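# Report on the structure
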Amino acid sequence: MGTQGVTGRPPLVSIEHVSQSFGSVRAVEDVSLTICEGEFFALLGPSGSGKTSLMRMIAGFGEPDRGRILLAGEDVTRVPPHKRPVNMMFQNYALFPHLNVFENVAFGLREEGVPKPERSARVDEALRLVQMQSYAARRTQALSGGQKQRVALARAIVKRPKLLLLDEPLAALDRRLREETQEELKHLQKSLGIAFLVVTHDQDEAMMMADRIAVMSAGRVLQIGTPADLYERPVSRAVARFIGDANVIEPEIRAHLDGRALVAVDGTPFEIATGSVRDFAIGVRPEKIRVLEPYVSVPGSVTLDASVEQRLYRGDVTELRVRTAHHVWRAAILNASRRTGFMPEPGERIRIAFAPDDAMVLPE
Amino acid sequence: MRMSRFNIVSLVFGIAFLYLPILIVMIYSFNASKLVTVWGGFSTQWYRGLLANKPLMDATFVSLRVALASALGATIIGTMAALALRRHRRFVGRGLFAFMLFVPLVLPEIMTGLSLLLLFVALDWDRGFWTITLAHMAFTTSFVALIVDARLADLDPSYEEAARDLGASPLSAFMRVTLPMILPAIAAGCLLAFTLSLDDLVIASFTSGPGATTLPMRLYGQMRLGVTPEINAASTVLIVSVTLIVIVIAWLTRRHRQA
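### Some details on the overall build of chain A
Each helix and strand in chain A was counted, giving 8 helices and 21 strands. The proportion of buried residues among the 364 residues of chain A is 51%. Relative to all contacts within chain A whose residues are 6 or more apart in sequence, the contacts with residues 24 or more apart total 65%. Accessible surface, chain A as shown: approximately 17000 Å² in total, 48% of it carbon and sulfur. Distance between charge centres in chain A, computed from 47 positive and 46 negative side chains, equals 5 Å.

See the structure below:
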């Protein structure tokens, strides 16, 4: 599995074979990954996948049972949190209720011993970056959720860390604000040039913001890659299902030949490139499936007879649940093509087709 | 919502049962007559008499000193105990420690008093101001620990983690974040310890010696010779001060819930 970073950037964080257990629960299992300087990295996974435990170990809360964590080439595995050049934005923001906005942001600089004039200049600058400069004297309890998030962000970036950790940064915001904030975070990260590590369970959030994503499940990293890598070339059934929607089908594997395999779905044979993989499932994205009138066939495509079970209108697309001889599929029709395209009713006999090249090989 | 007649009646009776005796004491403290049960017009002479009653004033002074010293001691020890209980979820004997810390809350006062008396006798200590203070600390520490522990239980650990993350050492994180956040609870515990000490008769009786008589002990002693309006006046002063302190405690504990 790829632990090397994006080419051209030096590595900032190296996590080497890190494991951590709580009692009998194995939270993180043999995780290795590299985060590069200036990179926006996301740890994506459902709750209990170990992503938060891994982030907390990078911050210094909780030590690994095995493995090392290197930060800018230095082993920080046993360094306490207050001595790491890393700052964290907590999920609940953890703004100190007995301090006002300015004092909250100045907290870290005061601990560092930054002299007062410089301190207040840097706090002002950080508050300006998150557009909260006019709130400096406010009490934190009086702020809205979005404002608290901004103050927490200012407090975390004011010390100019090498790496900023963000624990579910958008989870507490409502949907509209979340989308706006995604773009702002991305913009802020590029302009500051600080590496960001975001922990999230929301795949859209990770896809939109991150340069690279590590997909985690049950304490392990399933795959690391760019959003496009993960979407177009998932290595496992789990990643294909977790990143976007996918029809994961177990085909009948009939023969292997020179890095290609002859497979059949519902008795319809076709050839796909598999490399050295011998045992696999195939994944087809719903939008890669063409919905056709019966008896139509597309040369070069895998064409299957099907019937429509359900039709769901979802705004941008209409999703069809269709059944072929042995499988159930989801197909998406762009509503923009509705006037011209074919839109079958539930119960109708149809055909579905996909190009063999659009069938992703899923070895795991 | 409108209250039913039944509820109004129960409320009035309940309040009357609790506070009527106290109210009578307070009213008769302003009685001009020397007879406790006969109203002879309004007067504040008994309050002036209090100030002139040297043994009573001495006892008040002893009580205040004991309450102050024991409350401070109990606050420090109780807070430390609560912190140890919450911070270190697992240490050998934690369960036993927690149990033993809270037992004095339900132990009969006469047991606490008697056992402390036996201890002081065994150690051959002269009984007086310091033995009363130590005895009061011994039972009020539990109350402080209980209040501070409750506050720590609903304090989100991420506040202290955020402080550590921003570069604060464990000590600095405690002093600058945790302590200010639990301070209202500590203050409430301290005031409670102060009032409990001020009120106590039983434990003080067991552990005091010549020259150190607390206010409740003095009042009790005088009452055995007959209830005078002066005692009503002294009781009124005590009740009013304790009520004020309890109001402050309620205000402090209500405020920290909101944080």
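Right, picking up where we left off after that structure.
### Comments concerning the sheet that holds strand S20 (residues 349–354) of chain A
Residues and elements named next belong to chain A. With antiparallel pairing, the 5 strands of this open sheet are ordered in space as S16-S20-S17-S18-S19. Every interior strand has two partners, whereas the edge strands, strand S16 (290–292) and strand S19 (328–334), have only one. Adjacent strand axes in the sheet meet at a mean angle of 45°, parallel and antiparallel pairs treated alike. Taken together, the 3 bridges between S16 and S20 define a ladder with antiparallel strand orientation. Across the sheet, Val291 pairs through a bridge with Ile352, a residue of S20.

### As for the domain arrangement of chain A
Residues and elements named next belong to chain A. According to the domain assignment, chain A contains domain 1 (11–236) and domain 2 (248–362). Where domain 1 abuts domain 2, roughly 440 Å² becomes buried across the two surfaces, and 51% of that area is made up of carbon and sulfur atoms. Tallied by class, the residues present in the side of domain 1 that touches domain 2 amount to 4 nonpolar, 1 polar and 1 charged.

### Details of the sheet that holds strand S9 (residues 212–217) of chain A
Each strand in a sheet pairs with its neighbour through backbone hydrogen bonds, running either in the same direction (parallel) or in the opposite one (antiparallel). Residue and element names in this part refer to chain A. Across the sheet, which stays open at both edges, the 6 strands sit in the order S6-S7-S8-S3-S9-S10 with mixed pairing between neighbours. Whereas interior strands pair on both sides, the edge strands pair on one side only; in this sheet they are strand S6 (86–89) and strand S10 (220–225). Averaged over all pairs of adjacent strands, the angle between strand axes in this sheet comes to 20°, irrespective of strand direction. Direction of pairing for strand S7 (residues 163–167) relative to strand S8 (residues 195–200): parallel, over a ladder of 5 bridges. If you follow Asp167 over to S8, its bridge partner there is Val199.

### Here's the deal with the confidence of the model for chain A
In the predicted model, chain A carries a mean pLDDT of 89, and the fraction of residues at 70 or more is 97%. Counted against residues more than four places away or in other chains, residues 1–5 of chain A, with its pLDDT under 50, gives 10 contacts.

### Examining unusual backbone geometry
Residue and element names in this part refer to chain A. In this structure, Ala94 is a non-glycine residue whose phi angle is positive, near 50°. Looking at the element boundaries, Ala94 is found in the loop between S6 and helix H2 (101–112). Although it is not a glycine, Asp258 sits at a positive phi angle of roughly 50°. With respect to the helices and strands, Asp258 occurs in the loop between strand S12 (252–257) and strand S13 (260–265). Residue class for Asp258 comes out exposed when judged on its relative accessible area of 76%.

### Focus: the packing of H2 of chain A against helix H3 (residues 116–129) of chain A
Residue and element names in this part refer to chain A. One way to put it is that H2 packs onto H3 with a least axis distance of 9 Å and a crossing angle of 125°. The angle between H2 and H3 falls in the class oblique. In the packing of H2 onto H3, the handedness of the crossing is right-handed. Every residue of H3 that contacts H2 at Val101, Phe102, Val105, Ala106, Leu109 and Arg110 is listed here: Arg119, Ser120, Arg122, Val123, Asp124, Ala126 and Leu127. Each residue belonging to the contact of H2 with H3 can be placed in one class, and the counts come to 8 nonpolar, 1 polar and 4 charged.

### Observations concerning the pattern of salt bridges
Residue and element names in this part refer to chain A. Under the criterion given, the structure shown has 30 salt bridges over all chains. Of the charged contacts, one joins Arg150 and Glu184 as a salt bridge, the two residues approaching to 2.9 Å between their closest N and O atoms. You can see Arg150 sitting in helix H4 (residues 145–157) and its partner Glu184 sitting in helix H5 (residues 175–192), a full 34 residues away along the chain. Overall, Glu184 belongs to the partly exposed group, its relative accessible area being 30%. Between Asp245 and Arg330 there is a salt bridge, with the nearest N and O atoms lying 3.5 Å from each other. You can see Asp245 sitting in the loop between helix H8 (237–242) and strand S11 (247–249) and its partner Arg330 sitting in strand S19, a full 85 residues away along the chain. For Arg330, a relative accessible area of 24% puts it in the partly exposed group. It is possible to trace a salt-bridge network through shared partners that takes in Asp245, Arg314, Glu319, Arg321 and Arg330.

Rules used in this analysis
- All chains use their own residue numbering, which begins from 1 and follows the written sequence.
- Whichever chain is written first is A, and whichever ligand is written first is 1; the rest continue in order.
- Local features in this predicted model are restricted to residues whose pLDDT is 70 or higher, and side-chain atom pairs enter the listing and the counts only when it is 80 or higher, whereas totals over whole chains, interfaces and linings include all residues.
- Hydrogens and water are ignored here; the side-chain numbers use all heavy atoms of the structure.
- Strands here mean DSSP runs of E at least two residues long; helices mean DSSP runs of H or I at least four residues long; both are numbered from the N terminus.
- Any residue under 20% of the maximum accessible area for its type is buried, any over 50% is exposed, and the rest in between are partly exposed; the area is computed with a 1.4 Å probe on protein chains only.
- The contact criterion used throughout is that any non-hydrogen atoms of two residues lie within 4.5 Å.
- Working definition of accessibility: Shrake-Rupley area with a 1.4 Å probe, residue cover restricted to the visible protein chains.
- In this tally, Lys and Arg are treated as positive and Asp and Glu as negative; His is ignored, and so are the chain termini.
- In plain terms, the charge of a residue is placed at NZ if it is Lys, CZ if Arg, CG if Asp and CD if Glu.
- A strand pair is defined by DSSP finding two or more bridges across the two strands.
- Axis geometry follows a simple rule: fit a line to the C-alpha atoms, using only the stretch in contact for helices, then measure angles between N-to-C directions, giving values from 0 to 180 degrees.
- Where each domain begins and ends is defined by an automated method or by a domain database.
- Buried surface area refers to the total accessible area, computed with a probe of radius 1.4 Å, that the two partners give up upon joining, counted for both partners together.
- Gly falls in the polar group here, along with every residue not listed as nonpolar (Ala, Val, Leu, Ile, Met, Phe, Trp, Tyr, Cys, Pro) or charged (Asp, Glu, Lys, Arg).
- By definition, pLDDT measures how confident the predictor is in each residue, and it falls between 0 and 100.
- Should an angle fall under 35 degrees it is taken as roughly parallel, and over 145 as roughly antiparallel, whereas 65 to 115 is taken as roughly perpendicular and any remaining angle as oblique.
- Here is the rule for handedness: rotate from the far helix to the near one, and if that takes an anticlockwise turn smaller than a right angle the crossing is left-handed, while a clockwise turn gives right-handed.
- Here, a salt bridge means any side-chain nitrogen of Lys or Arg that lies within 4 Å of a carboxyl oxygen of Asp or Glu.

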